[in-house]
Amino acid sequence: MSKRHLFESSDGLVTKAIRGIIAYNPLLGLDEPNRVVFDTAFNKSNVSIISGGGSGHEPAWSGYVGENLLAASVAGDIFASPSTKQIVSAIDRVPSDKGTILVVTNYTGDCLHFGLANEKAIAKGHKCRMIICGDDVSVGRKGSLVGRRGLAGELGVLKIMGGAAGAGGSLDQVYDLGVAFSHQIASIAATLDHCHVPGRTEHATLPSDEIEIGTGPHNEPGYRKLSPVPSPEELVKQILTYCLDETDPERGFVKFKAGDEAMLLVSNFGGMSNLEMGALVDELLEQLASEWKLEPVRLSNGFLETSLNAPAFSVSIVNVTAVAENCSYSAEDIKSFFDARTNTCWESMTGSQAVRRSRKEQFVQTPPEPKKVIEEAKDLKIDPAVLDKMLRSACDQLIVAEPDLTKWDTVMGDGDCGETLKTGATSLIAALDSKKLASQGSVIAVLQELEEIVEGKMGGTLGGILGIFFVSMRTALEENIALAASEGLPKLWAKAVQTSLDNLTRYTPAKVGDRTVMDTLIPFAESLRSGVFADGVEAAIKGAELTRTLKPKLGRATYVGADSSKVLPPDPGAWGAMVAIKGLHLGI
């Protein structure tokens, strides 16, 4: 977890943040002294929904003000409730002919201040009600006198209520729906570390061999610390057990019957990558289906309610069928309220789910590749034993060179060059063993296999360069195969390699002196014109060695800069190409 911040002090940060957040929707207004964001286009014939709390949870709650969601939001200081005065100001900003409902998460400060504002609003003549959402199952029935803490499940309550209000629901209908929904949520959070508040020097941390489950969104301690850190699969298993095990007397808050419909909300606390969150959602869906026989009918995943920069997340599961049994709306109505479009941050995490397809239908199989046919007249054949030995030699040399290539690429690039070439080498060896690739002595068959390996297993810039190089070489050999008989095999190879390089120059501006793989390939191709393979090998070695003295001009290495006072390693791409060429020669 990073302790560094762009804004090192929290002074004025909340107001400045809100000013920036609302810029995406010109219909939003800001009562700056009270930190109230309100929808200037709010239809007063609808029930107004207002929520809020401490800052640091963005986009909650200012990011949810808009059509079919909140009429207004109120922000306190970081992790601190807004004042009663602020909340009353929000109520006054969005008066409703039908009434107002305040919705808050179950934290003492929020409950007290929103509760007092509710009473003051009623005293002023507003038809006002309040819902307190507590969905965290980690606390347990005996864990606290005040009940369950509030987590991101509240965002589901807000969205469903907002959709119902936008559809014209009465105060009683929308209120009863919100209460019923809030009672059917089971949530729990897990964190890799705690968040860091700008301006604070002291904060809790977790050691690298621990993960906390049941953490609160304000750095509150979790229910359990797990060490050693479980696998993602085991962690998800524990999370779902806490949420769904009906036999747990402490945490069996929500019960499902066969056929009940569920919604799933997965909230990023702020410090998880989208890559990992996607994998987390997949694992949740897999285990929900296989272990709990649940396939959520709606899903939201993203920055629902954050905790500054915490590398943590929460999972909320809602029994939609049970909600419908305890209010005037059907399950279909509730799903339609979830689907009701908004002009808020909600859309970025929920997408469009009204048109349903099963999860299995989303995963399609790649059609089988047509069998590649090699025209005998265009094939280049050499001694199978020599071909096999050359290829294995080149692969073995690349595998041995991998640690150095990785080290050098870590210094000057992204560190993937060595692994990329090793992957290609091990894949080619596997093809030589399992497919007897060299048994017919077909050079075209080898190049076809190399194309498959590069396209399927070798990414990055080097993979792209090699892909173009191999397919161009195969085409050049097939089109110029007659040269082997008329002018000799060396001329054919020289022609094919040069043609491949000419094709490469259409896609990359790299040339000799730019410190790239071309510093090896271009001298190699030019020297092959002599008809002696050893001349090409010698030129490739010299070209690769020369890259130690060159400043990067292309690729990632140009971004990091080079320290001219230090001796540079060779370019890993150029060196890897040289190692392969040298290996081929050693195998002859």
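Described in the following lines is the structure provided in the data block. Residue indices follow the written sequence of each chain, beginning from 1 at its first position. Confidence filtering applies because this is a predicted model: local features only for residues at pLDDT of at least 70, side-chain atom pairs given and counted only at 80 or more, and all residues used for totals across whole chains, interfaces and linings. As a convention, hydrogens and water are excluded, and side-chain values are obtained from all of the structure's heavy atoms.

### Comments concerning the overall build of the chain
Part 1: By the criteria applied, helices consist of DSSP H or I runs no shorter than four residues and strands consist of E runs no shorter than two, each listed in order from the N terminus. Secondary structure summary: the chain contains 21 helices and 12 strands in total.
Part 2: Against the compact-globule benchmark of 25 Å for 588 residues, the chain has a radius of gyration of 32 Å, which places it well outside the compact range.
Part 3: A 1.4 Å probe rolled over the protein chains alone gives each residue an accessible area, and that area as a share of the maximum for its type sets the label: buried under 20%, exposed over 50%, partly exposed in between. In the chain, which comprises 588 residues, the share counted as buried stands at 55%.
Part 4: For the chain, long-range pairs separated by at least 24 residues make up 73% of all intrachain contacts whose partners lie at least 6 apart in sequence.
Part 5: Carbon and sulfur atoms make up 54% of the accessible area of the chain, which totals about 26,600 Å².
Part 6: Distance from the positive charge centre (58 side chains) to the negative charge centre (74 side chains) of the chain: 2 Å. Here the globule rule is a power law, 2.2 Å times the number of residues to the power 0.38, and the radius of gyration is based on C-alpha atoms. Residues are treated as being in contact if the distance between any of their heavy atoms lies within 4.5 Å. The protein chains shown are the only cover counted for residues, whose accessible areas, like all others here, come from Shrake-Rupley with a 1.4 Å probe. We score Asp and Glu as negative and Lys and Arg as positive, and we do not count His or the chain ends. The atom standing in for a charge is NZ when the residue is Lys, CZ when it is Arg, CG when it is Asp and CD when it is Glu.

### Structural notes on the nonpolar core
Part 1: By nonpolar core is meant a set of buried Ala, Val, Leu, Ile, Met, Phe, Trp, Tyr and Cys residues that side-chain atoms within 4.5 Å join together. In this structure, L421, F469, L477, L501, M518 and L521 are the most contacted members of the largest nonpolar core, which totals 58 residues.
Part 2: Elements that contribute at least two residues to this core include exactly helix 12 (384-412), helix 13 (417-434), helix 14 (443-457), helix 15 (460-479), helix 17 (489-504), helix 18 (518-528), helix 19 (533-546) and helix 21 (572-586).
Part 3: The contacts of L521, once residues within four sequence positions are left out, are F469, L501, L504, A577 and I581.
Part 4: The next biggest cluster of nonpolar side chains, apart from the first, holds 56 residues, and it includes A75, A164, A180 and I185.

### Let's talk about the sheet that holds strand 3 (residues 48-55)
Part 1: Reading across the sheet, the 6 strands line up as 1-2-4-3-5-6 and stay open at both edges, with mixed pairing between neighbours. The sheet terminates laterally at strand 1 (28-31) and strand 6 (128-133), the two strands that pair on one side only. The sheet shows a mean angle of 20° between the axes of neighbouring strands, direction not considered.
Part 2: Only strands joined by at least two bridges in the DSSP assignment are considered to pair. Across 4 bridges, strand 1 lies against strand 2 (residues 36-39) in antiparallel orientation. Each residue of the ladder has a partner; that of G29, found in strand 2, is F38.
Part 3: Axis lines are fitted to C-alpha atoms, over the contacting stretch for helices. Their N-to-C directions set the angle, which ranges from 0 to 180 degrees. Sheet strands touched by helix 3 (residues 108-123): strand 3, strand 5 (100-105) and strand 6. Its angle to strand 6, the strand with the most contacts, is close to 165°.

### Focus: the pattern of salt bridges
Part 1: Salt bridges are counted wherever a side-chain nitrogen of Lys or Arg sits within 4 Å of a carboxyl oxygen of Asp or Glu. On inspection of all chains with the given rule, the structure shows 27 salt bridges.
Part 2: One salt bridge connects E347 with R341, and the closest N-O pair in it is separated by 3.1 Å.
Part 3: The partly exposed category is assigned to R341, whose relative accessible area is 46%.
Part 4: Close ionic contact of E376 with K381 constitutes a salt bridge, the shortest N to O distance being 3.1 Å.
Part 5: Here the residues in one salt-bridge network are K257, D260 and E325, joined through shared partners.

### Quick word on the environment of A41
Part 1: As for its placement among the helices and strands, A41 is situated in the loop between strand 2 and strand 3.
Part 2: You can call A41 partly exposed: its relative accessible area is 46%.
Part 3: Between the C-alpha atoms of A41 and E67, which are 26 residues apart in sequence, the distance is 8.2 Å.

### Considering helix 19
Part 1: To estimate the expected span of a helix, subtract one from its residue number and multiply by 1.5 Å. Taking 1.5 Å as the rise per residue, helix 19 with 14 residues should run 20 Å; its terminal C-alpha atoms sit 20 Å apart, in good agreement.
Part 2: Buried residues along helix 19 sit against helix 18 and helix 21.

### Quick look at the packing of helix 18 against helix 21
Part 1: One can describe the packing of helix 18 onto helix 21 by two numbers: an axis separation of 7 Å at closest approach and a directional angle of 40°. Taken as axis vectors, helix 18 and helix 21 run oblique relative to one another. Residue-level inspection shows T520, L521 and F524 of helix 18 in contact with helix 21, the latter providing A574, A577, M578 and I581.
Part 2: By residue class, the composition of the contact of helix 18 with helix 21 is 6 nonpolar, 1 polar and no charged. Any angle from 65 to 115 degrees is called roughly perpendicular, while one under 35 is roughly parallel, one over 145 is roughly antiparallel, and all others are oblique. Residue polarity is assigned by list, with Asp, Glu, Lys and Arg as charged and Ala, Val, Leu, Ile, Met, Phe, Trp, Tyr, Cys and Pro as nonpolar; anything else, Gly included, falls into the polar class.

### Some words on the sheet that holds strand 9 (residues 224-226)
Part 1: The sheet built from 6 strands is open, its strands ordered 9-8-7-12-10-11 with mixed pairing. Strands with a single pairing partner mark the edges of an open sheet, and in this sheet they are strand 9 and strand 11 (298-302). Taking each pair of neighbouring strands and ignoring which way they run, the sheet shows an average axis angle of 15°.
Part 2: The sheet contact formed by strand 7 (residues 185-191) and strand 12 (residues 312-319) spans 7 bridges and is antiparallel. Bridge assignment links A186 to a residue of strand 12, and that residue is I317.

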